[in-house]
Structures are given as structure tokens and as C-alpha cells.
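# Summary of structural features
So you can see what is in the structure, the chains are spelled out below.
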Amino acid sequence: MRNTIILLSLLFLASCKTQKSTPEIAVAEKRTAVIVKPEAVEAIKKDRAYALGKRVLEACNTSRFKAFTATEATPKVMANATAEKISATCQKIILRNGRFIDLKLVEIVHNEITDEYVFRYDIQYEKPMFKRELRVTIDTENKVSALATKEIKNKPL
């Protein structure tokens, strides 16, 4: 019995792998996305992100959406940003948040692997009870490759 317990404990210790954690590898993996100052980003990227984001959200107020062109957006975005889809999304947002007022830049994140810039905007509405943000992704060709809006949960004190 005693031999069995000793044998099992030795097997248990041998099966455990101890591995040194290397923080340098973890830091290198996390460095794919870096927060960038607005002054370091090309003006054409900033202007394109703001203009197209504002154009989509103003369509909620006016119910008229001017479709993206091939020079402004990727084919995937052009296929997904139809007037019907935007109208359906706008109806939900307007009921909860009211009319769109303006965008305020929160931060710019640069993905170093894909060389894309993600612009985060705080969306200002008539009813400030529920906060929403807009994320506009601009690729290397200065085209919008993604548009997303989501509600930001209030953080407890």
C-alpha cells in the first residue's frame, strides 16, 4: 500500500510540467494594436472616418442614406450598408437615444499587423441617458473596411 502511494505521488510529480513564463513573449503578442495620438494620423484618414461615420448617423435623422462608393468603402461594407439595414438600425437607436447630434473622437487605435486604424467616436444624442460609440475602421487604401455601433454600459462606482 505504501509503495503504491509513493509510486502514485512520483507519477503525479513527473506529470506536472513547470514552465517559466516569459513576459517578453506576452508583451510582443499584445503589441499588435497601439493607441495613437490624433496628430500622428494622416488627415485624409481622420476626415474620411469622421465624414462617413457622420453621414451614416445623419441618415437616421433625415431617413435618406447616400450609398458608399467604391473609393470610400470596401465591397463588404458597401454590401452590408444598405438603406434598409441602416433604417432598421436607426429606428431602434432613435427610440432609445433620440436624434443624432454629433461625433466626438475618443481614441485612435493602430493595428500594426494589418496597418488599419480604428477610430472610436462617442455618439452624442438628444437623450444622454444611454451612451453609444461608433467604430470606424480605415484600411491601407483609405477605405472604410468596418462600421460598428454599440451601447456602452455604465460602470458602477
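Everything below is about the structure printed above this text.
Attention in this report is confined to the structure presented alongside it. (Residues numbered from 1 in each chain as written. Predicted model: local features only at pLDDT ≥ 70, side-chain atom pairs only at ≥ 80, totals over all residues. Heavy atoms only, no water.)

## Here we look at the nonpolar core
Here is the rule: Each nonpolar core is a collection of buried residues, namely Ala, Val, Leu, Ile, Met, Phe, Trp, Tyr and Cys, held together in the definition by side-chain atoms within 4.5 Å. Relative accessibility decides the category of a residue: with a 1.4 Å probe and only protein chains considered, values under 20% of the type maximum give buried, values over 50% give exposed, and everything between is partly exposed. Only DSSP runs of H or I covering at least 4 residues are called helices, and only runs of E covering at least 2 are called strands; the numbering of each starts at the N terminus. We call two residues in contact whenever any of their non-hydrogen atoms come within 4.5 Å of each other.
Counting 28 residues, the largest nonpolar core has Phe 68 and Phe 119 as its most contacted members. Counting only elements with at least two residues in this core, the list comes to α3 (43-62), α5 (83-97), β2 (100-111), β3 (116-125) and β4 (131-138). Top contributing element to this core by residue count: α3, with six residues. Beyond its immediate sequence surroundings of up to four residues, Phe 68 is in contact with Leu 52, Arg 55, Val 56, Ala 73, Val 77, Met 78, Ala 81 and Leu 147.

## Describing α3
Our working rule: A helix is expected to reach a length of 1.5 Å times the quantity of its residues less one.
Look at α3: 28 Å from first C-alpha to last across 20 residues, which is about the 28 Å you get at 1.5 Å a residue. Along α3, the residues that are buried comprise Lys 45, Ala 49, Leu 52, Gly 53, Arg 55, Val 56, Leu 57, Ala 59, Cys 60 and Asn 61. Backbone geometry just after α3 places Ser 63 at a positive phi near 65 degrees.

## A few points about α5
Convention followed: For this quantity, the arc is that covered by the directions from the helix axis to the C-beta atoms.
Between its terminal C-alpha atoms α5 stretches 20 Å, which fits the 21 Å expected from 15 residues at 1.5 Å a residue. Every buried residue of α5 is accounted for by Ile 86, Cys 90, Ile 93 and Asn 97. Buried residues of α5, viewed axially, fall in a sector of 70 degrees; they line one side. Exposed and oriented more than 90 degrees from the buried face of α5 are Glu 84, Gln 91, Lys 92 and Leu 95. Close packing links the buried residues of α5 with α3, β3, β4 and β5 (144-152).

## What about the sheet that holds β3?
This is how it is decided: Any two strands with at least two DSSP bridges between them are considered paired. Working convention: axes come from line fits to C-alpha atoms, limited for helices to the stretch in contact. Angles between N-to-C directions cover 0 to 180 degrees.
Strand order in the open sheet formed by five strands is β1-β2-β3-β4-β5, and the pairing between neighbours is antiparallel. Two strands in the sheet have a free side with no partner beyond their single neighbour: β1 (33-36) and β5. Across the sheet, the mean angle separating the axes of adjacent strands is 30 degrees when strand polarity is ignored. Here β2 pairs with β3 via ten bridges, running antiparallel. Considered in β3, the bridge of His 110 is made with Tyr 117. In this fold α3 packs onto β2, β3, β4 and β5, with an angle of close to 145 degrees to the strand it touches most, β2.

Everything listed is a geometric property; what it means functionally is a separate question.
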